[in-house]
Amino acid sequence: MRGREPVAEPLPYAEVTDDGYATRVAETFSVRRYGPAVLLSGDCPRCQHPITCPIVGEVYRREASQAPVDPGYRTLLCSCAADHPTRPDGLAGCGAYWTVTLEVES
Ligand SMILES: [Zn+2]
Ligand SMILES: [Zn+2]
């Protein structure tokens, strides 16, 4: 197993996930309310660039009788502003994605 080395070259874009991503995000990201949304801020678990992921909580604002069953989780994508080689036009981030479980009080 290799140790964690400083990244000397930009990571290529890759749509990948890893069980460790969500764990790292849960441990290191800060969470704050932002109007109807929740902002998760921290460093991407793959590329280490700072990112902010808004999660719009419209599900929480609906009447209970109309609310679909909220799965309780959201899939987040890395949205860093840094360059990652081979990234398709129009996309942001390094391609990493992970799922977070919402524990936000409505
Ligand atoms: Zn990045
Ligand atoms: Zn990233």
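Right above here is the structure, for reference.
Residues numbered from 1 in each chain as written. Chains lettered and ligands numbered in written order. Predicted model: local features only at pLDDT ≥ 70, side-chain atom pairs only at ≥ 80, totals over all residues. Heavy atoms only, no water.

A.B. asks: Can you walk me through the coordination of the zinc ion (ligand 2) in this structure?
C.D. replies: Looking at the zinc ion (ligand 2), the protein donor atoms are C44 (SG), C47 (SG), C78 (SG) and C94 (SG), and they sit 2.3 to 2.4 Å from it. Note that the zinc ion (ligand 2) binds 4 donor atoms; their angles at the metal cover 102 to 116 degrees, and the shape is tetrahedral. Read N to C, the donor residues that coordinate the zinc ion (ligand 2) are spaced as C-x2-C-x30-C-x15-C. Between the zinc ion (ligand 2) and the zinc ion (ligand 1), a separation of 3.7 Å is found, and both are coordinated by C47. Of this pair, C78 sits in the loop between strand 4 (73–77) and strand 5 (97–101) while C94 sits in the loop between strand 4 and strand 5; the two residues are 16 residues apart in sequence, bridging distant segments of the chain. Neither C78 nor C94 differs from the other in exposure class; each is buried. (Donors = N, O, S within 2.8 Å, 3.2 Å for Na, K, Ca; no water. Tetrahedral: all angles 85-135°; square planar, octahedral: opposite > 155°, others 65-115°. Helix = DSSP H or I, 4+ residues; strand = E, 2+ residues; numbered from the N terminus. Buried < 20%, exposed > 50% of the residue type's maximum accessible area, 1.4 Å probe, protein only.)

A.B. asks: Whenever I open this one, the pairing of strand 4 confuses me. Can you help?
C.D. replies: Remember that side chains alternate between the two faces of the sheet whenever the strand is regular. Taking every second residue as pointing to the same face, the buried face of strand 4 carries R74 and L76, while none of Y73, T75 and L77 on the other face is buried. The sheet contact formed by strand 4 and strand 5 spans 5 bridges and is antiparallel. In the strand pairing of strand 5, L76 is matched with W98. (Pairing = 2+ DSSP bridges.)

A.B. asks: Which parts of the structure should I look at to understand the sheet that holds strand 1 (residues 30–34)?
C.D. replies: The strand order 1-2-3 describes an open sheet built from 3 strands, whose pairing is antiparallel. If you trace the sheet from one side to the other, it starts and ends with strand 1 and strand 3 (50–56), each paired once. Looking at each pair of strands side by side, their axes are set apart by 25 degrees on average, direction ignored. Here strand 1 runs beside strand 2 (residues 37–43); their pairing, made up of 5 bridges, is antiparallel. The partner of S30 across the bridge, within strand 2, is S41. (Axes fitted to C-alpha atoms, helices over the stretch in contact; angles between N-to-C directions.)

A.B. asks: I keep staring at the pattern of salt bridges and nothing clicks. Help me out?
C.D. replies: Side-chain pairing between opposite charges can occur once the charged atoms of the two side chains come close. With the rule as written, the count across this model stands at 1 salt bridge. Put simply, R87 and D83 hold a salt bridge, and the shortest N to O gap is 3.6 Å. (Salt bridge = Lys/Arg side-chain N within 4 Å of Asp/Glu carboxyl O.)

A.B. asks: Any chance you could explain the coordination of the zinc ion (ligand 1) here in plain terms?
C.D. replies: When four donors bind a metal tetrahedrally, each ideal donor-metal-donor angle is 109.5 degrees, and when six bind octahedrally, the ideal angles are 90 or 180 degrees. Here the zinc ion (ligand 1) is held by C47 (SG), H49 (ND1), C80 (SG) and H84 (NE2), and the distances to it run 2.0 to 2.2 Å. Bound by 4 donor atoms, the zinc ion (ligand 1) shows angles of 94 to 122 degrees at the metal and therefore tetrahedral coordination geometry. Mapped onto the polypeptide sequence, the residues donating to the zinc ion (ligand 1) form the spacing pattern C-x1-H-x30-C-x3-H. Classification of C47 as buried rests on a relative accessible area of 6%. A relative accessible area of 2% places C80 in the buried class.

A.B. asks: What should I look at first to understand the nonpolar core in this one?
C.D. replies: A general trend in soluble globular proteins is that nonpolar side chains are found buried together. Among the nonpolar cores identified, the biggest contains 17 residues, and C44, I51, C78 and W98 are the most heavily contacted of them. Of all the secondary-structure elements, those providing two or more residues to this core are helix 1 (19–28), strand 2, strand 3 and strand 5. For this core, the element with the most residues is strand 3, which contributes 3 residues. Excluding residues within four positions of it along the chain, C44 makes contact with R24, F29, H49, I51, C78, C94, A96 and W98. (Core = buried A, V, L, I, M, F, W, Y, C linked by side-chain atoms within 4.5 Å. Contact = heavy atoms within 4.5 Å.)

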